[in-house]
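# Architecture at a glance
What follows is the residue order along each chain.
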Amino acid sequence: MIIEQFINEKITQIRAYITAVINHSLHYTELDKFVENTMAEWTLLQVCDETPNNARERVFWHIMHEFSLHSANDLERDLYFKSEISTCLEFFSGTGSYPIDCIGWRPIP
C-alpha cells in the first residue's frame, strides 16, 4: 500500500471514530484500539522517512501521537484536549485552518 493511500484511509477512519466517541455512539476504548492497530499496521509498511508528505499527514500524526499520550476517554474529561482534536478534525474537513501547535512526525519503526 502506498503511504499516501494509507494516511488518507486512516484519516477518514479516525475522523469517524473520534466523532462517534464524542457523540457517545462508540465506546472510547474502540478509538484506543484503532490507534493501537493503526500503529501496528504502520510498522508493516517499513517506512524509513520520518518527514510527513503534506499538512494533512502532519495533522494525522499529531492526532495519533496525542492519543498515544492520552486516552480517548480524555475527550470527555479534558476540554483543552477535546478542543485541540476538534480543531484537527475541522482542518481535515476543510472548514478549519492548520492547528497552531501541531507537530506531527511519522514514527519510524
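Residues numbered from 1 in each chain as written. Predicted model: local features only at pLDDT ≥ 70, side-chain atom pairs only at ≥ 80, totals over all residues. Heavy atoms only, no water.

## Focus: the packing of helix α3 (residues 55-69) against helix α5 (residues 79-93)
- At a minimum axis distance of 10 Å, the contact between α3 and α5 shows a crossing angle of 155°. The angle between α3 and α5 places the two elements in the roughly antiparallel class. Helix-helix and strand crossings are classified by hand; for α3 and α5 the assignment is left-handed. Note on element contacts: α5 touches α3 through Phe81, Glu84, Ile85, Cys88, Phe91 and Phe92, opposite Ala55, Arg56, Val59, Phe60, His62, Ile63, Glu66 and Phe67.
- When its residues are assigned to classes, the contact of α3 with α5 shows 10 nonpolar, one polar and three charged. (Axes fitted to C-alpha atoms, helices over the stretch in contact; angles between N-to-C directions. Helix = DSSP H or I, 4+ residues; strand = E, 2+ residues; numbered from the N terminus. Parallel < 35°, antiparallel > 145°, perpendicular 65-115°, else oblique. Left-handed = near helix turned anticlockwise from the far one by under 90°. Contact = heavy atoms within 4.5 Å. Nonpolar A, V, L, I, M, F, W, Y, C, P; charged D, E, K, R; others polar.)

## Some points on the packing of aromatic side chains
- Following the criterion strictly, the structure yields seven aromatic pairs and no others.
- An angle of 45° between the planes, with centres 5.5 Å apart, marks the rings of Phe6 and Trp42 as tilted. Here Phe6 is found in helix α1 (residues 3-22), whereas its partner Trp42 is found in helix α2 (residues 28-44), with 36 residues between them in sequence. Judged on exposure class, the residue Phe6 and its partner Trp42 are both buried.
- Summarising the aromatic geometry, the rings of Trp42 and Trp61 are spaced 4.7 Å apart at their centres and angled 65° between planes, so their arrangement reads as edge-to-face. With Trp42 in helix α2 and Trp61 in helix α3, this pair connects stretches of sequence that are 19 residues apart. Take Trp42 and Trp61: they sit in the same class, and that class is buried.
- Members of the aromatic cluster, connected to one another through ring pairs, are Phe6, Trp42, Phe60 and Trp61. (Phe/Tyr/Trp six-rings, centres within 6.5 Å; stacked < 30°, edge-to-face > 60°. Buried < 20%, exposed > 50% of the residue type's maximum accessible area, 1.4 Å probe, protein only.)

## Considerations on α3
- Spanning 15 residues, α3 covers 21 Å between terminal C-alpha atoms, matching the ideal 21 Å at 1.5 Å per step.
- What α3 keeps buried is the set Glu57, Val59, Phe60, Trp61, His62, Ile63, Met64, Glu66 and Phe67.
- In the core, the buried residues of α3 are packed alongside α1, α2, α4 (74-77) and α5.
- At the N-terminal end of α3, a side-chain oxygen is found 3.1 Å from the backbone nitrogen of Arg56, two or three residues along, and the residue is Asn54. (Expected span 1.5 Å × (residues − 1). Polar contact = N/O pair within 3.5 Å; in protein donor to acceptor, adjacent residues only side chain to side chain.)

## With respect to the pattern of salt bridges
- Applying the stated criterion to the full structure yields four salt bridges.
- The shortest N-O distance in the salt bridge between Lys10 and Glu41 comes to 3.0 Å. On the criterion of sequence distance, the pair formed by Lys10 in helix α1 and Glu41 in helix α2 is long-range, its members being 31 residues apart.
- Residue Lys10 is classed as buried on the basis of its relative accessible area, which comes to 4%.
- Classification of Glu41 by relative accessible area gives partly exposed; the value is 33%.
- Glu30 is the partner of Lys33 in a salt bridge, and the nearest nitrogen-oxygen pair spans 3.5 Å. Remark: Glu30 and Lys33 occur in helix α2; sequence separation between them is three residues, near one turn of the helix.
- Look at Glu30 and you get partly exposed, because its relative accessible area is 30%. (Salt bridge = Lys/Arg side-chain N within 4 Å of Asp/Glu carboxyl O.)

Spatial relationships are all this shows, so hold off on functional conclusions.
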